Amino acid sequence: MRLSPIHPLAALLFTAASPALGEPQSTGSFKVELTVAAPSGGADYVEILGLDNERIDLGTIQSSQSASTPWAIPDLFFCLKRSTPGTVRVMVAQAGTNPNEPFRLQSATNPAISTNLPGYADALGLSLYLHSADNGDNDYLTNGVAFDQVNSAPGCDANSGLGIAHRLSIQPADIPAFASFPRQGLYSGLFTITVSLP
Amino acid sequence: MKMNTRFSAAALLCACMSVPALADTVPATQSTGQFELIVRVVPPVTPAVTIIGLDDIPLGTFQRVAGEALENQIIGHDDFCINTGWTGSTATYPGPLSMTVYQVGGGVSGRYALRGRSDPSKSLPVTLTIVGGRIGAESRPGGAITTDGSTLQMAPSFASCTAASTNLTFNAARITVTPDGVPADSDMADGALSAIFAIVVSAP
């Protein structure tokens, strides 16, 4: 939970000490005052934490000549926070694609885009799912389409994981048999998650 | 001196209270985060396949008894490795491999069969059962084949597999030869019988 900016307009009152002339002890007191200002964006605001332009290198995969090759992508954890109770609106969009097109990693050398995956475009198909911290909401994500989700658990920060943060699971389609649909080279995708008030 | 101490404490208190205002983002009604995924895909390697340790299988001599049949009791086997190269202890090519078994000169009526070495009228059909190591968590591939030119899917052996490997260790493959039974008082298989089989293993 983001703390509201605090303006330390504290008036510190204290009692000046008397000259210490051999007293075995001295006492004093002070009063603290402060004023809390509302956030500049209004009292109700949202924030995404823990997803800061990460570049995730999944390494190298060797495809198979005759059979599809399974592979895996590790889960991503981040916070979807709202300053007041209620849901947040989430949208995941892939750069260079249009809404409702399939998520995929696109070939760097053959960037032709097709919505037919995985057999025709030179791309690796992906399915994205967003899981709430308690796994109560497990949403299949459509590229560029917003939906509402519960916000993350209290205390969620950029280092939070399972049980507190939201979890984005990315399930890649098997890499097709090389003999039928050759896939080779570098594939990548840039994804932006936008969270807003519903 | 005491006053200075109190001012220092006050300054420290103010500093602590100011920390939240130093957060890295400004609260707003919209926020974004980004991530990029990259992966490299390399084409499959066509492995060089070699068979190691495939030996002849002598079945010995069996004495027919008048009035009694021989009921598939003549069995022999041999263990061998299918080498596709190794990366450390792991097979470079995980499989599956295609294995086709031919009988040299052809079978008898399409079936694998032992033939009379001196009397071509004698023959005894046989079943070849070939099993190999596991591919991942799957059960052992292979199976029983009876027809000339039959094909099975097999797994490569482990790096430790040698010509001396036996009993399906190190993913060695095992071929078992089981002749059909001989009816009582039938001389269909009398005499010395033999057959030569050729195994062709290939990566798709």
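Below is a summary of the structure that appears in this document. (Residues numbered from 1 in each chain as written. Chains lettered and ligands numbered in written order. Predicted model: local features only at pLDDT ≥ 70, side-chain atom pairs only at ≥ 80, totals over all residues. Heavy atoms only, no water.)

## As for the sheet that holds strand E10 (residues 150-154) of chain B
All names here are of chain B. What counts here: In this analysis, strands are considered paired if DSSP registers two or more bridges between them. A run of H or I in DSSP becomes a helix once it reaches four residues, and a run of E becomes a strand once it reaches two; helices and strands are each numbered from the N terminus. Working convention: axes come from line fits to C-alpha atoms, limited for helices to the stretch in contact. Angles between N-to-C directions cover 0 to 180 degrees.
In spatial order, the strands read E10-E6-E13; together these three strands make up an open sheet with antiparallel pairing. Among the strands making up the open sheet, the edge pair consists of E10 and strand E13 (197-202). Direction aside, the axes of adjacent strands within the sheet are offset by 25° on average. Relative to E10, strand E6 (residues 97-103) runs antiparallel, the two sharing five bridges. What sits directly across from Met99, in E10, is Leu152.

## What to know about the nonpolar core
Note the cut-off: The term nonpolar core refers to a set of buried residues drawn from Ala, Val, Leu, Ile, Met, Phe, Trp, Tyr and Cys, joined through side-chain atoms within 4.5 Å. Whether a residue is buried, partly exposed or exposed follows from its accessible area with a 1.4 Å probe, protein chains only, as a fraction of its type maximum: under 20%, in between, or over 50%, in that order.
Core analysis: the biggest nonpolar cluster contains 33 residues, and Leu168 of chain A together with Phe35 and Leu37 of chain B have the highest contact counts within it. Contributions of two or more residues to this core are made by strand E5 (46-49), strand E6 (52-62), strand E7 (76-82), strand E8 (87-94), strand E10 (123-131), strand E13 (166-172) and strand E14 (185-196) of chain A together with strand E1 (30-42) of chain B. Of all hydrophobic cores here, the second largest spans 20 residues; its members include Tyr93, Leu97, Ala173 and Val177 of chain B.

## Considerations on the pairing of strand E7 (residues 113-116) of chain B
Consecutive side chains along a regular strand alternate between the two faces of the sheet. Residues and elements named next belong to chain B. Bridge count between E7 and strand E8 (residues 123-131): three bridges; the pairing is antiparallel. Looking at E8, one finds that Arg115 is bridged to Ser123. Two successive antiparallel strands, E7 and E8, enclose a turn made up of six residues. Two strands pair when backbone bridges link them, and E7 and strand E12 (residues 193-194) are joined in this way by two bridges, in the antiparallel orientation. Across the sheet, Arg115 pairs through a bridge with Ser194, a residue of E12.

## Section: the side chain of Ser160 of chain A
This is how it is decided: Only heavy atoms matter for contacts: two residues are in contact if any of them lie within 4.5 Å across the pair.
Its place among the elements puts Ser160 of chain A in the loop between strand E12 (147-150) and E13. If we ignore the near neighbours within four places in the chain, the residues touching Ser160 of chain A are Phe77, Gly155 and Ala165 of chain A.

## Considerations on the packing of aromatic side chains
For clarity, the cut-off: Note on aromatic contacts: the rings of Phe and Tyr and the six-membered ring of Trp form a pair at centre separations within 6.5 Å, being stacked when their planes are under 30 degrees apart, edge-to-face when over 60 apart, and tilted otherwise.
Across all of its chains, the model carries four aromatic pairs over all chains by this definition. Considering the side-chain rings of Phe191 of chain A and Phe35 of chain B, the 5.1 Å spacing of their centres and the 15° angle between planes classify their relative orientation as stacked. Here Phe191 of chain A, found in strand E14, pairs with Phe35 of chain B, found in strand E1, and the two come from separate chains. Its relative accessible area of 0% is what places Phe191 of chain A among the buried residues. A relative accessible area of 0% places Phe35 of chain B in the buried class. Plain terms: the ring middles of Tyr112 of chain B and Phe197 of chain B are 5.5 Å apart, the flat faces sit at 80° to each other, and that makes the pair edge-to-face. Of this pair, Tyr112 of chain B sits in the loop between E6 and E7 while Phe197 of chain B sits in strand E13, and the two are 85 residues apart along the sequence. Phe197 of chain B sits in the partly exposed class, given a relative accessible area of 25%. Here a set of aromatic residues connected by ring pairs shows up, and it is made of Phe103 and Phe191 of chain A together with Phe35 of chain B.

## Remarks on the pattern of salt bridges
Selection criterion: When a carboxyl oxygen of Asp or Glu is within 4 Å of a side-chain nitrogen of Lys or Arg, the pair counts as a salt bridge.
Applying the stated rule across the entire model yields 10 salt bridges over all chains. Linking Glu36 of chain B and Arg55 of chain A is a salt bridge whose minimum nitrogen-to-oxygen distance equals 3.1 Å. Note that Glu36 of chain B is positioned in strand E1 and Arg55 of chain A in strand E6, a pairing that runs across two chains. For Glu36 of chain B, a relative accessible area of 21% corresponds to the partly exposed category. On the basis of relative accessibility, which here comes to 56%, the residue Arg55 of chain A falls in the exposed class.

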